[in-house]
Amino acid sequence: MSLIDKADFRKLALKKLKFCSGIAKIKKNKNICLKIKEIINLHKPQKVLLYLPLNLEVDVMPIIRELRKRRNIEVYVPFMKGKSFVPVKFRLPLKVKKFGIKEPNFSSFKKNDIKLDMIIVPIVGIDETCRRIGFGAGMYDRFYETLKSKPITIFTQLELCKSKKIVTQKHDIQADYIITM
């Protein structure tokens, strides 16, 4: 696959992800969530940031529901703020915001200096350096710049989209784990 740049790769990856069928998608979601839970049980994080999934992303809602029942884990999700986001505790109800992203009320906002132990990040793809290619807004990259220490990072994707060419820059984040089917 000869790709020119990140934007071209992103378009191809999004096109590939749109064709993930219903039953196959349900099975992939379940298997990916099982692998994520194994990593959570291995590392025993206390503060975990997950995302509220869009249709093309791995559905991590079962993990969010399960972790909220555990007393020893705090669950956070992104709340868009400017060109980045801040972690907020997951609380219902959720509101649909910009780009169709769901968010809890801002009243669950905490200071941005929360020391997260683990972050689960959706990806559109990766390149040869295993750096993240997202939807193009750079929100996760900007967020990572604000962190004082690097948490365990897990990338998730329904179907691996990997460029054979380096299309990312040094500021694009890397993961400790990449879970895909």
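Residues numbered from 1 in each chain as written. Predicted model: local features only at pLDDT ≥ 70, side-chain atom pairs only at ≥ 80, totals over all residues. Heavy atoms only, no water.

1. Brief notes about the side chain of Thr 156
Now for step 1: Counting through the fold element by element, Thr 156 comes out in strand β9 (residues 152-157).
Now for step 2: For Thr 156, a relative accessible area of 1% translates into the label buried.
Now for step 3: Within the structure, Thr 156 has its side chain in polar contact with the side chain of Tyr 51 (distance 2.8 Å). (Helix = DSSP H or I, 4+ residues; strand = E, 2+ residues; numbered from the N terminus. Buried < 20%, exposed > 50% of the residue type's maximum accessible area, 1.4 Å probe, protein only. Polar contact = N/O pair within 3.5 Å; in protein donor to acceptor, adjacent residues only side chain to side chain.)

2. Quick word on helix α4 (residues 139-146)
Now for step 1: Taken as a whole, α4 has its buried residues at Met 139, Tyr 140, Asp 141, Phe 143 and Tyr 144.
Now for step 2: Where α4 is buried, its residues contact β1 (47-49), β2 (74-81), β3 (84-89), β6 (118-122), β8 (132-133) and β9. (Contact = heavy atoms within 4.5 Å.)

3. A look at the environment of Ala 7
Now for step 1: Topologically, Ala 7 is positioned in helix α1 (residues 6-18).
Now for step 2: As for Ala 7 and Gly 136, which are separated by 129 residues in sequence, their C-alpha atoms are 8.0 Å apart.

4. Regarding the packing of aromatic side chains
Now for step 1: With the rule as written, the count across this model stands at 3 aromatic pairs.
Now for step 2: On the basis of an interplanar angle of 70 degrees and a centroid distance of 5.0 Å, the ring pair of Phe 85 and Tyr 140 is categorised as edge-to-face. Placement of the pair is Phe 85 in strand β3 and Tyr 140 in helix α4, with a sequence separation of 55 residues.
Now for step 3: For Phe 85, a relative accessible area of 3% puts it in the buried group.
Now for step 4: On the numbers, 4.4 Å between centres and 20 degrees between planes, the contact of Phe 85 with Phe 143 is stacked. Of this pair, Phe 85 sits in strand β3 while Phe 143 sits in helix α4, and the two are 58 residues apart along the sequence. Residue Phe 85 shares its accessibility class with Phe 143, and that shared class is buried.
Now for step 5: Grouped by ring-pair contacts, the aromatic residues Phe 85, Tyr 140, Phe 143 and Tyr 144 constitute a single cluster. (Phe/Tyr/Trp six-rings, centres within 6.5 Å; stacked < 30°, edge-to-face > 60°.)

Don't take any of this as a statement about function, it's just geometry.
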